[in-house]
Amino acid sequence: MATKDLFDYFLNRLFPLNRSLTGDANRQTLKIIQDIIPLKIIEIPTGTQVFDWIVPHEWSVHDAYIAVNGKKVVDFSVNNLHLVSYSISVQGSFEWNSIKEHIHKHPSLPDAIPYRTSYYKRTWGFCVTHEQYNILKDSNSLIDICIKTSHDNGSLTLGEFLVQGQSNKEILISSYICHPSMANDSISGVLVSSFLAKYLSCKEKPYYTYRFVFVPETIGAITYCALNQKTMQDIDMGIVVTTCGGPGAMGYKQSFDSTHIINSLAEEALSELTSNYYVYPFDIHGSDERQYSSTGFRINTVSLTKDKYYEYPEYHSSADNLDFVKPEALLDSYNAHIHFLDKLDRLVVFAPMSPNCEPMLQKYNLYPVLGGSQCPEASSHSSLDIVLWLLHKCDGKKSLQQIAHEIDCDFDLLLQTAYQLESYKLLSRI
Ligand code: ZN
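Sequence positions are assigned chain by chain, starting from 1 and proceeding in written order. Per-residue local features of the predicted model are confined to residues with pLDDT of at least 70, and side-chain atom pairs are confined, for both listing and counting, to 80 or more; whole-chain, interface and lining totals are unaffected and use all residues. In computing side-chain properties, one takes all heavy atoms of the structure into account and sets aside hydrogens as well as water.

Caption draft 1: Examining the packing of aromatic side chains more closely. Two rings from Phe, Tyr or Trp (for Trp, the six-membered ring) form a pair when their centres are within 6.5 Å of each other. A pair whose planes differ by under 30 degrees is stacked, one over 60 is edge-to-face, and the rest are tilted. This model, assessed by the stated rule, comprises 19 aromatic pairs. With 5.0 Å between their ring centres and 65 degrees between their planes, F7 and F195 make a pair best called edge-to-face. Residue F7 is located in helix α1 (residues 4-14), and its partner F195 is located in helix α5 (residues 183-202); the two are separated by 188 residues in the primary sequence. Side by side, F7 and F195 carry an identical accessibility label, which is buried. Following the ring pairs from residue to residue traces out a cluster consisting of F7, Y9, F10, F195 and Y334. Definition used: whenever NZ (Lys) or CZ (Arg) falls within 6 Å of the ring centre and also within 35 degrees of the ring normal, the charge is taken to sit over that ring. Lying across the ring of Y65, K72 places its NZ or CZ 4.5 Å from the centre. Over the aromatic face of F256 sits the side chain of R298, whose NZ or CZ is 5.1 Å from the ring centroid. Helical segments are the DSSP runs of H or I of at least four residues, strand segments are the runs of E of at least two, and each set is numbered from the N terminus. The buried label goes to any residue with under 20% of its type's maximum accessible area, the exposed label to any with over 50%, and the partly exposed label to all in between, with areas taken from a 1.4 Å probe on protein chains only.

Below is the structure:
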């Protein structure tokens, strides 16, 4: 079971690794997760076509620094955020004006190193603090640049773990493993997701089957969808676990269909834990929900966040570190996810056994003996109305929780009536 100490231990192990789209640090990350769950590690070769994309070369860094007068001013070995991810090799001495486009500083945090990538355009760059920027800018000497990297044929690494439930219907839980030393984005999601997988695998058989995937953002999710097209098309809902370890309030990002049950369940779960939470409507920007929600898959995914990406000043910088993310916050977030998942796993869905028009209710003593005098009551909670609503709404897709919410009816009463209708072979629980 997850504890503060365990979160602390794994945060410290995962934080220093120089993750990217590909490479050894991603493999090491997944191997560390294997200490929590028996994750399957899958390697997809460079050059594999995945829909409109191609699995990229594997990137490795051998050395990277900037020096002035023989003294290192910026050094990748001190902080891996200093090097723009996927930078090509460069070696030489340059005037400031000829390299300044390659040197990036944070727009608002002077002491922070910003996080920048250039995955698909072959270029190079360094990310520096304002102080380092000024030293370079004000230097009268030539600036020595050394980047030794390689882009080799290799593979893209994915992790997969399945918790088999009573039903083969699956729920997707995805997190991304491509960010170097930042704690909230994305280690918080990776760790909370890993411990959720452990929780579900230890739980007495859950109702749903849970598919956990650990992928580099975008290209990894696309690759996973391409390799598991049929499976992914059959999934209706899921969670992208991300940025859930900050000190701020919790919130949730809605799925693309805001009327989908997963949104009201997420809201219900958070509102039971705190009165102070954010609701972020679906947006085409964001994380891997962009792929999972695409027209070919249409998986309704939510994210339960604690300092959501884009929303905190330390986002995508060296200030998103182990001072920002504390094990206590991860534990809170984990518990909120469990509360939400427990609700999700208890979803009850009924399907009609005779969907063509209303059944003859009098046969089952469900209709008043004398017809005609019956006017619908102001409150739609008469026992007849509950029967009629159930027969109208139970289509094998909509959950009973959702119906209870829509008609403002007590869930237990609805469940009891649904079982009564099942005993008459009018509905069946699926
Ligand atoms: Zn990010």
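Read on for the rest.
Caption draft 2: Looking closely at the coordination of the zinc ion. Here a donor is an N, O or S atom found within 2.8 Å of the metal, or within 3.2 Å if the metal is Na, K or Ca; sites may look incomplete because water is not among the atoms. Bound to the zinc ion are the protein donor atoms H179 (NE2), D185 (OD) and H316 (NE2), situated 2.1 Å from the metal. Every donor residue of the zinc ion comes from the same chain, spaced as H-x5-D-x130-H. Of the residues examined, D185 reaches a relative accessible area of 1% and is grouped as buried.

Caption draft 3: Focus on the nonpolar core. Among buried residues, those of type Ala, Val, Leu, Ile, Met, Phe, Trp, Tyr and Cys that are joined through side-chain atoms within 4.5 Å constitute a nonpolar core. L191, Y210, F212, F214, Y334, F340 and L344 are the most contacted members of the largest nonpolar core, which has 60 residues in total. Top element by residues in this core is α5. It accounts for 10 residues. If we ignore the near neighbours within four places in the chain, the residues touching F214 are L30, I33, I37, L39, L158, G159, S175, I177, V190, S193 and S194. Core analysis: the second largest hydrophobic core is formed by 50 residues, Y119, V128, V213 and A221 among them. Residue contacts are defined here by distance: any two heavy atoms, one from each residue, within 4.5 Å place the two residues in contact.

Caption draft 4: Quick look at the sheet that holds strand β14 (residues 250-253). Strands are labelled as partners when DSSP assigns at least two bridges between them. A sheet is described by the order of its strands in space; here 8 strands give the open sequence β1-β10-β12-β11-β13-β16-β14-β15, paired in mixed fashion. Edge positions in the sheet fall to β1 (40-45) and β15 (277-280), since each of these pairs with one other strand and no more. The average angle at which neighbouring strand axes cross in this sheet is 20 degrees, direction not considered. Here strand β13 (residues 237-240) pairs with strand β16 (residues 300-306) via 3 bridges, running parallel. Counted as the bridge partner of G238 is T301 from β16. Every axis in this analysis is a line fitted to C-alpha atoms, fitted for helices over the stretch in contact. Angles between the N-to-C directions lie between 0 and 180 degrees. Sitting on the sheet, helix α6 (residues 219-227) touches β1, β10 (155-163) and β12 (209-215), and the angle it makes with β10 is about 65 degrees. On the sheet, helix α10 (residues 327-345) packs against β11 (170-176), β12, β13, β14 and β16 and is oriented at approximately 150 degrees with respect to β16.

Caption draft 5: Layout of helix α12 (residues 400-407). α12 sits mainly inside the fold: 6 of its 8 residues count as buried. Of the positions making up α12, those classed as buried are L400, Q401, Q402, I403, A404 and I407. Contacts from the buried residues of α12 go to α8 (261-273), β17 (350-352), α11 (383-393) and α13 (411-423). In the segment just after α12, D408 is the residue with positive phi, at about 55 degrees.

Caption draft 6: Main features of a negative patch on the surface. Only residues whose relative accessible area exceeds 30% and that take part in no salt bridge are eligible for patches, with like-charged residues grouped when within 9 Å of each other and nonpolar side chains (Val, Leu, Ile, Met, Phe, Trp, Tyr) grouped when within 5 Å. The method behind every accessible area is Shrake-Rupley, applied with a 1.4 Å probe, and residues are considered shielded solely by the protein chains displayed. For this document, the term salt bridge refers to a Lys or Arg side-chain nitrogen within 4 Å of an Asp or Glu carboxyl oxygen. All tallies of charge rest on Lys and Arg as positive and Asp and Glu as negative; His and the ends of each chain are not included. For the purpose of locating charges, the reference atoms are NZ of Lys, CZ of Arg, CG of Asp and CD of Glu. A contiguous patch of negative charge on the surface is contributed by D5, D8, E328 and D332. Among the secondary structure elements, those contributing two or more residues to the negative patch are α1 and α10. The topology assignment puts D8 in helix α1.

Caption draft 7: The pairing of β10, seen in detail. The buried count for β10 comes to 8 of 9 residues, which makes it a mostly enclosed element. Taken together, the 6 bridges between β1 and β10 define a ladder with antiparallel strand orientation. Pairing of I44 across the sheet is with L156, part of β10. Summarising the sheet, β10 and β12 pair through 5 bridges and their orientation is antiparallel.

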